Amino acid sequence: MELVKAIPLGGLLTGIVSLVIGSTGSRGGQLAIHHMAVGSYDLWWSWPLFLAGTGLAWGLMMMQR
């Protein structure tokens, strides 16, 4: 159940950090931030950052259990 709650938090963290880093023109090195079009919307995204952020949120929720 904690993993289900951690996924939106990981997505929010990824969206904010990718927007800040990607809008400056940087790729973020190991973060592999890339520009992505979803329908008529453009956004910055990073799968490694999403997995790390989700893992961090999941770990924090498990520690509070």
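What comes next concerns the included structure. (Residues numbered from 1 in each chain as written. Predicted model: local features only at pLDDT ≥ 70, side-chain atom pairs only at ≥ 80, totals over all residues. Heavy atoms only, no water.)

**Describing the packing of helix α1 (residues 2-22) against helix α2 (residues 47-64)**
Between two packed helices, both the angle of their axes relative to each other and the distance between the axes serve to describe the pair.
And then number 1: Two numbers describe how α1 lies on α2: the axes approach to 7 Å, and their chain directions differ by 135°. By the angle between their axes, α1 is oblique relative to α2. Crossing of α1 against α2: the hand is right-handed. Along the contact surface, α1 presents E2, L3, K5, A6, I7, L9, G10, G11, L13, T14, V17 and S18, while α2 presents L49, F50, G53, T54, A57, W58, M61 and M62.
And then number 2: Its residues assigned to classes, the contact of α1 with α2 shows 12 nonpolar, 6 polar and 2 charged. (Axes fitted to C-alpha atoms, helices over the stretch in contact; angles between N-to-C directions. Helix = DSSP H or I, 4+ residues; strand = E, 2+ residues; numbered from the N terminus. Parallel < 35°, antiparallel > 145°, perpendicular 65-115°, else oblique. Left-handed = near helix turned anticlockwise from the far one by under 90°. Contact = heavy atoms within 4.5 Å. Nonpolar A, V, L, I, M, F, W, Y, C, P; charged D, E, K, R; others polar.)

**What to know about the environment of H35**
And then number 1: Checked against the element boundaries, H35 lands in strand β1 (residues 34-38).
And then number 2: Here H35 falls in the partly exposed class, since its relative accessible area comes to 42%.
And then number 3: A sequence separation of 25 residues divides H35 from G10, and the C-alpha atoms of the two residues are 18 Å apart. (Buried < 20%, exposed > 50% of the residue type's maximum accessible area, 1.4 Å probe, protein only.)

**Structural notes on the packing of aromatic side chains**
And then number 1: Per the stated rule, a full pass over the model turns up 3 aromatic pairs.
And then number 2: With 5.6 Å between their ring centres and 90° between their planes, W47 and F50 make a pair best called edge-to-face. Note that W47 and F50 are positioned in helix α2 at a spacing of 3 residues, about one turn of the helix.
And then number 3: A residue is classified by how much of its surface remains accessible, and W47, at 48% relative accessible area, is partly exposed.
And then number 4: Here F50 falls in the buried class, since its relative accessible area comes to 15%.
And then number 5: Here the aromatic cluster, defined as three or more aromatic residues joined through ring pairs, consists of W45, W47 and F50. (Phe/Tyr/Trp six-rings, centres within 6.5 Å; stacked < 30°, edge-to-face > 60°.)

**Describing α2**
And then number 1: Helix length check: α2 (18 residues) gives 26 Å between terminal C-alpha atoms against 26 Å at 1.5 Å per residue, within 8%.
And then number 2: Every buried residue belonging to α2 is among L49, F50, G53, T54, A57 and M61, and all of these are buried. The buried residues of α2 occupy an angular sector of 130° when projected down its axis, which confines them to one face. In this structure, α2 carries L51, L56 and M63 as exposed residues pointing more than 90 degrees from its buried face. (Expected span 1.5 Å × (residues − 1). Arc of directions from axis to C-beta.)

**So, the side chain of S46**
And then number 1: Of note, S46 is situated in the loop between β2 (41-45) and α2.
And then number 2: Once residues lying within four places of it in the same chain are set aside, the contact partners of S46 are T14, S18, L31, A32 and I33.

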